[in-house]
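Chain by chain, the residues run as shown.
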Amino acid sequence: MYQHSHSARPRVFAVALAGLLVGGVMPASAQETGTVAGTVVHASTAQPIVGAQVVVTGSGIGTVTNAEGQFLLLNVRPGEREIRVHMLGYSAASRRVDVTAGATTTVEFQLEESAIALDQVVVTGQARETRRREVAASIASVDASELEDAAITSVAEMLQGRNPGVTVLPGGGKVGQGTKIVLRGPSSLSQGVEPLIYVDGVRMDNSTATGVFTGGEGWTGLDDINPNDIERIEVVRGAAAATLYGTEASAGVIQIFTKRGKQGEQRWNYSGEFGVSNSPKDWWGVSVYSDWFYDAYVNNNATQQQHQLSTSGGQEGYSFYASGSYSTQDGLLPGNSTEYKSFRGNLQLFPRSDLVLNIGTGYSDRFVAMPQDANNIYGYGINALTAGPRGLFMPVEEIPLINVGLKSRRFTGNLSAEYKPAEWFSSRATLGVDVAGMDNIELHPYGANDSNPLGRKSNYRRDATTLTADISGVFTFPLSENVRSTSTIGFQGNEIKVGASEASGQEFPVPGLTTVSSAAITSGWEYRGVTRTAGVVFQQDVGLFDRLFLNAGFRLDGHSAFGDDAGYAFYPKGGVSYVVSDHEFFPDLFDSFRVRGAYGTAGRQPGAFDAVRTWSAISAVDGVPAVTPSNIGNSELGPEISHELELGFDASAWNGRVGMQLTWYRQRTEDALLPVSYPPSDGFVGSQLENVGEIQNTGLELAVNGTVLALDDFVWSAHAQFATFDNEVTDLGDLPELYQHWTQITREGYPVASYFGDRFVMEDGEVVVAADDYIGPPFPTKTFQLGMDFTLWDRVNVRGLMDHAGGHFIESSTVRWLTRTNVPNGDEIVDESLWGTSVASWCHDSGADELTQAICESPWPESGRGNVVRPADYWKLREVTVSYNLPQSMFAGLGLESARVFLSGRNIWRHVKDHMLMEPEANYSTGSDLSQQDYFNTPIPRTLIFGINVGF
């Protein structure tokens, strides 16, 4: 049956701005253009700066400097034009030049080092491209050029440990496992806590569903994006900066910008990486069977390789970037591997001096072989680590016969136009599509195991098509010599179509058959749904003396999932940014000092059919088709709305050598969607979502970076980040509590999805049972990162990153199963004296404390689940990289322009607070937003990669 979300309200907005740009897109007379050429150098050393961004302000024309610090801007409109240069770690610079038709104008820029770049341009969360000094809310960013030599295989790893307030929660140590990303903690109790993902302005589907049985372990759509194609990432961490994304953005926004072409001669680049992953034996040492399992099954020579060939260039009228990539990676467990292929092509066209067209395409093909594990009777951990070779539910040697294959294909395309017919008006329009498809299987072949002696197969297919439309116009007027007004009006809309189906078959008649249709018993189901959202955006900015900036705006939203009587959602915002250091009275110690404050709102919509009354089809007596009540419906159902206040400052001192950013925020989610039960006499026994809850998040984010020592042949820079997070459920309506997952329960006055349970505690020197005890929150309450960067002789670079998270807990079913005492353990691996005891290694440690002894001696399941909720604090040496830029004399005559080799390690060292956990970061239930559960998760491996990068 095809189901369609009921409301057509978003279509009202589709015509609201139909004439917005009509006058702006009328053809203007063509005119001859000019060229701007120049160099960008270090102000103190006069050394060329490579990779600096150079743009003609307001035109969309831009490029980056080459190895000599040179740049060339083609197709520049004649007249007085502003040329702006910015580079991470340096103060931005701008010059006004007179461009003459048919001639070349030259200019030189000298950039000063700066730890805080207030003139850097940001896009995400803004109605237009905006300098940081004008932005009232904090926006985190990641420059991909700084990570080219790091042992990174996914977008999530690019974000990990880079910015405060960005929490990256890996699924585990298996390759292909997804990662959960949470910005400033959970802001919803039922509708998801992960941010929206945009690629070049196009919304992408980030589904974590696999549709086939893996024991709960999943993947994520974000891993379809090739990290090597990314230029930068901008992260909006809260509602104060997410207002312009409206109803679906209360959990934040991550926008990925892919690489674009550079005007000039065509260049090619090849990068190749070859690596190996392993894990120390003591990381697995939770069971008396760990050593046997480690020696027999853990692959400590898990190899990986990655190859990418890219090209870029451009001439007058166009620029381009294209790349092709191929990679493979093996996991630590048998049957775990990935294969990845991708292509990207980005084209910029300059048909006239006031018009820029951007065309982008990206395609990826990914396959993951996922081993059986986690919450799974067919899994390695639950069988091998609890009962040795014979297994608890099946012999371990039979597990590799089960196949799980996850396959995805994704195409993302965008077309955008930037048009500036006059100095006072510019417009931008983006149309895009993201098409993601899955084809996943789980196969138990005929005779593979005693649990399914005749075999079975499931085939899950899902496709999601996301359409994005974004159009805006910007009107800029000087109200006086020192006052500038900028008004922006726009329209944003998305349509998401999802189709999913599953076919299952059991009992193959003979060996060798592997299709669902060849099974004796078959079944299937199908789902289709469409949701639409559309909003009108307005923002007014006023700049005074280029130091005080005020802004106010709103978004008015309609969504197809709202109830018929819910109306439109209104999201206001406002902010102030004040660069105090621009005053002459400010101390010379500071190069820049800015204070900022922002208030904003964003929402989270209900599910596609949560507001309507629904019925489920069933097969009644004698197979007669019938329906049964499902969802009661709520015509007033609307979005959750998050209100956020953010205050902070940015400072740079000592000639740009030290920078600091401090942000305090308070976020309150009102009308949180909660499942409310109605009397069964109404005929509906299920629950209905209602806007009745409230959540509050508060936190502090601090980032410090700077140059510790700068000599002619040696530069030492460092950065440190610290963040705190506090979360509380302040209202559950009339619900006494909300069950989340096993010991995870949401109660008023406590953090979302906290752990509660019976557990042993010490009281007056004795072990006693604390009933229904509050144990702690599931998300980190504090994080800390410390990074170092050393550069020697402009050729050798050494970087390192230390990462810490703490204050949170995780429920470990690994611990629960290993401390069972009601299953004998007799075989050749364990001495008969251990029969009937726990197989957990800590239970056989003569130095175990009294609480540990009590857990080991308590019969299972009488021992409360609270005893297996463990502290998840950790310290990790996340990255270490050494790179070397080869001198040109070493590859002269080979046709190469540059060559670099590097050695990079990831997760090299770790310290885990609780000895009972194999991996405190892992969470087997990746697809569940609030669930933080360990279930025989594989330790995240150490990875060592050797790489080479050559340009020609």
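Residues numbered from 1 in each chain as written. Predicted model: local features only at pLDDT ≥ 70, side-chain atom pairs only at ≥ 80, totals over all residues. Heavy atoms only, no water.

Asks: Quick question: what am I supposed to make of the overall build of the protein chain here?
Replies: What the protein chain contains, in helices and strands, is seven helices and 47 strands. Against the globule reference of 30 Å for 952 residues, the protein chain gives a C-alpha radius of gyration of 29 Å, in line with a compact fold. Taken along its principal axes, the extent of the C-alpha atoms in the protein chain is 90 × 70 × 65 Å. Among the 952 residues that make up the protein chain, the fraction classed as buried is 57%. Considering only residue pairs separated by 6 or more positions, the protein chain has 69% of its internal contacts joining residues 24 or more positions apart. As displayed, the protein chain has an accessible area near 37,300 Å², and 55% of this comes from carbon and sulfur atoms. Separation of charge centres in the protein chain, based on 67 positive and 109 negative side chains, amounts to 6 Å. (Helix = DSSP H or I, 4+ residues; strand = E, 2+ residues; numbered from the N terminus. Rg over C-alpha atoms; globule rule 2.2 N^0.38 Å. Buried < 20%, exposed > 50% of the residue type's maximum accessible area, 1.4 Å probe, protein only. Contact = heavy atoms within 4.5 Å. Areas by Shrake-Rupley, 256 points an atom, 1.4 Å probe, with all protein chains shown as cover. Lys, Arg positive; Asp, Glu negative; His and termini not counted. Charge placed at Lys NZ, Arg CZ, Asp CG, Glu CD.)

Asks: Can you walk me through the packing of aromatic side chains in this structure?
Replies: How two aromatic rings sit relative to each other is given by the distance of their centres and the angle of their planes. The full count for this structure, using the stated rule, is 31 aromatic pairs. With a centroid separation of 4.9 Å and an interplanar angle of 45 degrees, the aromatic rings of F425 and F475 are classed as tilted. One end of the pair, F425, is in strand β23 (residues 425–444); the other, F475, is in strand β24 (residues 456–480), and 50 residues separate them in sequence. We classify F425 as buried; its relative accessible area is 5%. On the numbers, 6.0 Å between centres and 40 degrees between planes, the contact of F538 with F554 is tilted. Of this pair, F538 sits in strand β26 (residues 521–544) while F554 is found in strand β27 (residues 548–559), placing the two residues 16 residues apart along the sequence. The class of F538 is partly exposed, set by a relative accessible area of 30%. With a relative accessible area of 29%, F554 lands in the partly exposed category. In this structure, R232 packs its charged tip against the face of F257, placed 3.9 Å from the ring centre. The ring of W283 has R942 lying over it, and the distance from NZ or CZ to the ring centre is 5.9 Å. (Phe/Tyr/Trp six-rings, centres within 6.5 Å; stacked < 30°, edge-to-face > 60°. Lys NZ or Arg CZ within 6 Å of the ring centre and 35° of its normal.)

Asks: It is not clear to me how the pattern of salt bridges should be interpreted in this structure. Could you clarify?
Replies: A full pass over the atoms with the stated rule returns 53 salt bridges. A salt bridge links K174 to D373, with the shortest nitrogen-to-oxygen separation between them at 3.1 Å. Of this pair, K174 sits in the loop between β11 (166–170) and β12 (179–183) while D373 sits in the loop between β21 (355–369) and α5 (380–387); the two residues are 199 residues apart in sequence, bridging distant segments of the chain. Of the two residues, K174 and D373, neither departs from the other in class, the shared state being buried. (Salt bridge = Lys/Arg side-chain N within 4 Å of Asp/Glu carboxyl O.)

Asks: Would you explain the environment of T819 in this entry?
Replies: Tracing the chain through its elements places T819 in the loop between α6 (813–818) and α7 (850–857). With a relative accessible area of 5%, T819 lands in the buried category. When the C-alpha atoms of T819 and T837 are compared, they prove to be 8.2 Å apart, with 18 residues separating the residues in sequence. Once residues within four sequence positions are removed from consideration, T819 is found in contact with S838, A840, W842, C843 and I855.

Asks: In this structure, what is going on with α5? I would like to understand it.
Replies: Count 3.6 residues to each turn of an α-helix, and residues three or four apart come out pointing the same way. Here α5 lies mainly inside the structure; eight of its eight residues are buried. For α5, the set of buried residues is Y380, G381, I382, N383, A384, L385, T386 and A387. Next to the buried residues of α5 lie α4 (290–297) and α6. In the segment just after α5, G388 is the residue with positive phi, at about 70 degrees.

Asks: Just to check I follow, could you spell out the packing of α4 against α5 for this structure?
Replies: In a packed pair of helices, the relevant descriptors are the angle between the two axes and the axis-to-axis distance. Two elements in contact, α4 and α5, have axes separated by 8 Å at closest approach and are oriented at 130 degrees. Relative to α5, the element α4 is oriented oblique. Viewed along their axes, α4 and α5 form a crossing whose handedness is right-handed. Here α4 contributes S290, W292, F293 and Y297 to the contact with α5, which in turn contributes Y380, A384 and L385. Along the lines of polarity and charge, the residues of the contact of α4 with α5 split into six nonpolar, one polar and no charged. (Axes fitted to C-alpha atoms, helices over the stretch in contact; angles between N-to-C directions. Parallel < 35°, antiparallel > 145°, perpendicular 65-115°, else oblique. Left-handed = near helix turned anticlockwise from the far one by under 90°. Nonpolar A, V, L, I, M, F, W, Y, C, P; charged D, E, K, R; others polar.)

Asks: Help me understand the side chain of D224 in this model?
Replies: With respect to the helices and strands, D224 occurs in the loop between β14 (202–203) and β15 (230–236). The class for D224 is buried, based on a relative accessible area of 4%. At a separation of 2.8 Å, a polar atom in the side chain of D224 contacts the side chain of R410. Those residues in contact with D224, other than ones at most four positions away along the chain, are Y340, S364, R366, S408 and R410. (Polar contact = N/O pair within 3.5 Å; in protein donor to acceptor, adjacent residues only side chain to side chain.)

Asks: Sorry, what's going on with the sheet that holds strand β38 (residues 754–763) here?
Replies: In a beta sheet, neighbouring strands pair by backbone hydrogen bonds and run either parallel or antiparallel. The sheet built from four strands is open, its strands ordered β36-β37-β38-β39 with antiparallel pairing. The open sheet is flanked by β36 (738–741) and β39 (766–776), the only strands paired with a single partner. This sheet shows a mean twist of 40 degrees between the axes of neighbouring strands, independent of strand direction. Where α7 meets the sheet, it contacts β38 and β39, and its direction lies at approximately 115 degrees from that of β38. (Pairing = 2+ DSSP bridges.)

Asks: Explain the sheet that holds strand β3 (residues 62–64) here, please?
Replies: Here four strands make up an open sheet; going across it, the order is β3-β2-β5-β6 and the pairing antiparallel. What marks the edges here is a single partner per strand, and that holds for β3 and β6 (93–99). Taken pair by pair, the neighbouring strands of this sheet meet at an average axis angle of 20 degrees, ignoring direction. The sheet contact formed by strand β2 (residues 53–56) and strand β5 (residues 79–86) spans four bridges and is antiparallel. Bridge pairing links V56 to I83 in β5.

Asks: Would you mind going over the pairing of strand β1 (residues 34–42) with me for this structure?
Replies: Within a regular beta strand, the side chains point alternately toward one face of the sheet and then the other, so they alternate between its two faces. Within β1, eight of the nine residues are buried, which leaves it mostly tucked inside the rest of the structure. Two strands pair when backbone bridges link them, and β1 and strand β4 (residues 70–76) are joined in this way by five bridges, in the antiparallel orientation. Bridging across to β4, V36 finds its partner in L73. Direction of pairing for β1 relative to strand β7 (residues 104–111): parallel, over a ladder of eight bridges. Bridging from a neighbouring strand, V36 pairs with T105 of β7.

Asks: I'm lost on the environment of G535 in this one. Help?
Replies: Among the structural elements, G535 can be located in strand β26. Note: C-alpha distance between G535 and A144 (391 residues apart in sequence) is 32 Å.

Asks: Sorry, what's going on with a nonpolar patch on the surface here?
Replies: A cluster of nonpolar residues, F274, L903, L944 and F946, forms a patch on the protein surface that exposes about 370 Å² of accessible area. Summarising the element assignment, F274 is placed in strand β17 (residues 264–278). Judged by relative accessible area, which is 41%, F274 ranks as partly exposed. (Patch = residues over 30% accessible without salt bridge, like charges linked within 9 Å, V, L, I, M, F, W, Y side chains within 5 Å.)

Asks: Is there a simple way to explain the pairing of strand β13 (residues 196–199) in this structure?
Replies: Burial of the side chains of β13 extends over both faces: L196 and Y198 are buried on one face and I197 and V199 on the other. Judged from the four bridges that link them, β13 and strand β16 (residues 253–258) form a sheet pairing that is parallel. Opposite I197, over in β16, you have I254 as the bridge partner. Here β13 pairs with β14 via two bridges, running antiparallel. Paired with Y198 across the strands is R203, a residue of β14.

Asks: Can you walk me through unusual backbone geometry in this structure?
Replies: Most of the time, phi is negative for any residue but glycine, and the peptide bond is trans. A positive phi angle, close to 55 degrees, is found at D546, a residue other than glycine. With respect to the helices and strands, D546 occurs in the loop between β26 and β27. Given a relative accessible area of 32%, D546 falls into the partly exposed group. At A753, a residue that is not glycine, the phi angle is positive and equals roughly 55 degrees. Of note, A753 is situated in the loop between β37 (744–746) and β38. Assessed through its relative accessible area of 0%, A753 is described here as buried.

Note that every value here comes from positions in space, so none of it alone points to a role or purpose.
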